[in-house]
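Per-entry structural report
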Amino acid sequence: MKFSDIAGHNEAVGALRTIADSGKIPHAILLTGISGIGKMRLARAFAQYVHCKNRQGGDSCGVCPSCLQHEKFNNPDIHFIYPVVKKDKALVSTDYIDSWKEMLTEWSYMPQEKWNELINAGNSQPAIFVNESESIIAKASLSAYQENYKIFLIWLPEKMRPEAANKLLKIIEEPFEDTIFILVCNDDSRLLPTIYSRVQRFNMRPLSQEEISLHLVSAYGIEQNVADASSKVAEGSIMKAEELACHPNEILEFSSLFKEIMRMGYSLSARRLKQLSEVCAAMGREKLGRFLAYTGRMIRENFIYNMRLPQISLLTPEEEEFSYRFSPFIHEGNVEGLAAEISRAATDIERNANAKIVMFDLMLLLSQWIRTPKPTHLPI
C-alpha cells in the first residue's frame, strides 16, 4: 500500500510523510475516525513508507524487497494485532492470519461485520485479550529482524480487554527505540484514557462528496452520475459509497421495499407485512443488515427533510420524490422510537436470530410508530 493509493486525507498523508522523513517518529500513533474512510489503508501506507529502502517523490517505491514484503503481508518487522474470538483456547491474532490477509486484500476499508463473518464469530464479540499483550511484549523485546523499526499495527484497540490494555501501558509509554505502535481506531472514546494520553493523535475526517466521487470513477470506472449519487448518501465513508455504487440494483431494490413496507405499515396490512418479512428474511444475514442500515438512513433523512433542512439532506432525487409526501409522518414524536426499533432488529440479525420473526415483529412496530400523530406541544 502506497500513499498514492489513499483516497483523500491529504493533510494526514502530508503530516505522516513529514514525520517519517524527519526520522523522529513518535513511538505511538493513533489514527481515529469513523469506519470506512481508509484509516487502515493509511496506516499500512505509512508503515511501508517507513520501511521503504528507496523512497521516491514522497512515496514508497513499491519495488524494493521491503515494499514487496509489505504487499504480500510477510514483512517480518510488521506485526498486525486485531480482535479475535476465544473458543477452545486463548487465541491470538496470528491464529487467524489467513482470514486477516483475506480481509486486507478484499475488504481494505475494514467493515467490522465482514471480519466477524470471516472468523465465524457468531454471537461472540471479538476482542483483544491479555495473552495478545503478552505476545506483543515478547516480540517487542527482540531486535528488528531486517528493518530500522519493528511496527505493531493494532486494529480496533478500543476492543482491548482492560487487562490487555493495562498490560501494554508501560511498553507504550516507554517502548524500545526501534518500536512503533500504530493504533487504528473507530471510537477513541472507548480507549483506556491512559493509553489515549500516550499517543500522537491524527483525527481523520469523513471524506467529501467530491473526494469519494473521484475515487469511485477512477478506481472502478463507475459512471459519474452513479458515483455522485453514491457519494452523496455515503456520509463520508468510502466503504459505504463502494457498497452503494457497486450494487446499484440493490439500492433500487431496497428503495422499493422500504416504500412498500411504509405504505403497508400505515394501512395496517398485516398479511402483506408478513409476506414482506419473508422477502427480507430470504436476503440472508449480510444483505439484510445492509437493508436495515438503508432503512435507518431513510428514517433519519426523512426526519431531516420534514424539518426543512435541505442543506444537510442526503436524499437522492428518486428518494426525495417519495419523501416529499412521506416525510411528514416522521417527526419528533416518533423518530427516536423508529430508529431504536430498527437498531434493535439489526443487532438481533447480527446475532443470528430468526430473521422471519425479527422482521415481522419490526414491521408491526414500525407500523405503530409511523401512525403516531405528531405532538402538538413539545415538552419543555
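I will try to describe carefully the structure that is included in this document. Position numbers for residues count from 1 along each chain, tracking the sequence in the order it is written. In keeping with the model being predicted, local features are shown solely for residues with a pLDDT of at least 70 and side-chain atom pairs are shown and tallied solely at 80 or more, while totals for entire chains, interfaces and linings include all residues. The side-chain figures draw on all heavy atoms in the structure; neither hydrogens nor water molecules are used.

Some remarks on the overall build of the protein chain
- A tally of helices and strands in the protein chain yields 17 helices and 5 strands.
- Projected onto its principal axes, the C-alpha positions of the protein chain cover 70 × 45 × 45 Å.
- Partly exposed describes any residue whose relative accessible area lies between the buried limit of under 20% and the exposed limit of over 50%, with all areas from a 1.4 Å probe on protein chains only and scaled to the type maximum. Among the 380 residues that make up the protein chain, the fraction classed as buried is 50%.
- Any two residues having at least one pair of non-hydrogen atoms within 4.5 Å are treated as being in contact. Counted over contacts in the protein chain with a minimum sequence separation of 6, partners at least 24 positions apart contribute 74%.
- Methods summary: accessible areas were calculated by the Shrake-Rupley approach with a probe of 1.4 Å, and residue burial reflects only the protein chains presented. Surface exposure of the protein chain reaches about 18,500 Å², of which carbon and sulfur atoms provide 51%.
- Here the protein chain holds 43 positive side-chain charges and 47 negative ones, and the gap between their average locations is 3 Å. Runs of E in the DSSP output that reach at least two residues are strands. Runs of H or I that reach at least four are helices, and both are numbered from the N terminus. Positive charge is attributed to Lys and Arg, negative charge to Asp and Glu, and no charge count is given to His or to the chain ends. Charge placement uses NZ in Lys and CZ in Arg. For Asp and Glu, CG and CD serve respectively.

Focus: the side chain of threonine 179
- Within the secondary structure layout, threonine 179 lies in strand S4 (residues 179-185).
- Among residues more than four places away in sequence, those in contact with threonine 179 are His27, Ala140, Tyr149, Lys150 and Phe152.

Some words on the packing of helix H13 (residues 270-281) against helix H17 (residues 355-370)
- The convention used is that axes are lines fitted to C-alpha atoms, helices contributing only their stretch in contact, and that angles between N-to-C directions extend from 0 to 180 degrees. Direction vectors running N to C along H13 and H17 enclose 140 degrees, while the axes themselves pass 8 Å from each other. In terms of orientation, H13 and H17 fall into the oblique class. Read as a crossing pair, H13 and H17 show a hand that is right-handed. Of the residues in H17, those touching H13 at Ala270, Leu273, Lys274, Leu276, Ser277, Glu278, Cys280 and Ala281 are Ala355, Lys356, Met359, Phe360, Met363 and Leu364.
- Class assignment of the residues belonging to the contact of H13 with H17 gives a composition of 10 nonpolar, 1 polar and 3 charged. Angular relationships are summarised with four words: roughly parallel below 35 degrees, roughly antiparallel beyond 145, roughly perpendicular across 65 to 115, and oblique for the angles in between. Definitions for this section: a left-handed crossing has its near helix turned counterclockwise from the far helix by less than a right angle. A right-handed crossing has that turn clockwise. In the scheme used here, Gly and all other residues not listed as nonpolar or charged are polar, with Ala, Val, Leu, Ile, Met, Phe, Trp, Tyr, Cys and Pro taken as nonpolar and Asp, Glu, Lys and Arg as charged.

A few points about the sheet that holds strand S1 (residues 28-32)
- Judged by pairing direction, the sheet is parallel, and its 5 strands sit side by side in the order S2-S3-S4-S1-S5 without closing on themselves. Lying at the two open borders of the sheet, with one neighbouring strand each, are strand S2 (78-81) and strand S5 (200-203). Between one strand axis and the next, the sheet turns by 15 degrees as a mean value, whatever way the strands run.
- Being paired, for any two strands, means DSSP has found at least two bridges between them. Inspection of the sheet shows S1 paired to S4 by 5 bridges, in the parallel sense. Note that in S4 the partner of alanine 28 across the bridge is phenylalanine 181.
- Helix-sheet contacts for helix H2 (residues 39-51) involve S1, S2, strand S3 (150-155) and S4, and the interaxial angle to S4 is about 165 degrees.

Considering H13
- Take the residue count of a helix, subtract one, and multiply by 1.5 Å to get its expected span. Taking 1.5 Å per residue as the helical rise, H13 with its 12 residues ought to reach 16 Å, and the 16 Å between its terminal C-alpha atoms agrees with that figure.
- Looking only at H13, the buried set comprises Leu273, Leu276, Ser277, Cys280 and Ala281. Considered in projection along H13, the buried side chains sweep an arc of 140 degrees and stay on one side of the axis. It is the directions from the helix axis to the C-beta atoms that the arc portrays.

Some words on the packing of aromatic side chains
- Any two of the Phe, Tyr and Trp rings considered here, Trp counted by its six-membered ring, make a pair once their centres fall within 6.5 Å; the pair's planes then place it as stacked at under 30 degrees, edge-to-face at over 60, or tilted in between. Scanning the model with the defined rule gives 16 aromatic pairs in all.
- Aromatic pair phenylalanine 258 and tyrosine 294: ring centres 6.3 Å apart, planes at 85 degrees, arrangement edge-to-face. Of this pair, phenylalanine 258 sits in helix H12 (residues 248-266) while tyrosine 294 sits in helix H14 (residues 285-306), and the two are 36 residues apart along the sequence. Taken as a pair, phenylalanine 258 and tyrosine 294 share a single burial class, namely buried.
- Lying across the ring of tyrosine 49, arginine 55 places its NZ or CZ 4.4 Å from the centre. Cation placement over rings: the criterion is NZ of Lys or CZ of Arg within 6 Å of the ring centroid and within 35° of the ring normal.

Let's talk about the pattern of salt bridges
- Only one rule defines a salt bridge in this text: a Lys or Arg side-chain nitrogen within 4 Å of an Asp or Glu carboxyl oxygen. For the coordinates displayed, the defined rule picks out 12 salt bridges.
- Across the pair glutamate 260 and arginine 272 runs a salt bridge, and its minimum N-O distance is 2.7 Å. With a gap of 12 residues between them, glutamate 260 in helix H12 and arginine 272 in helix H13 connect regions that are remote in the sequence.
- When its relative accessible area of 27% is taken as the criterion, arginine 272 is described as partly exposed.

Comments concerning unusual backbone geometry
- Located in the positive-phi region is histidine 9, a residue other than glycine, with phi close to 55 degrees.
- Of note, asparagine 352 is a non-glycine position whose phi angle comes to about 70 degrees, a positive value.
- Here asparagine 352 lies in the loop between helix H16 (335-350) and H17.

A few points about the nonpolar core
- Side-chain atoms within 4.5 Å link the members of a nonpolar core, which is a set of buried Ala, Val, Leu, Ile, Met, Phe, Trp, Tyr and Cys residues. Counting residues in each nonpolar core, the largest one holds 60 residues, and the members touching the most others are Leu42, Phe46, Trp100, Trp115 and Trp155.
- At 8 residues, H2 tops the list of elements feeding residues into this core.
- Setting aside anything within four residues of it in sequence, one finds tryptophan 115 in contact with Tyr82, Pro83, Tyr96, Ser99, Trp100, Met103 and Trp155.
- Counting residues in hydrophobic clusters, the runner-up holds 34 residues, among them Leu273, Leu288, Ile349 and Met359.

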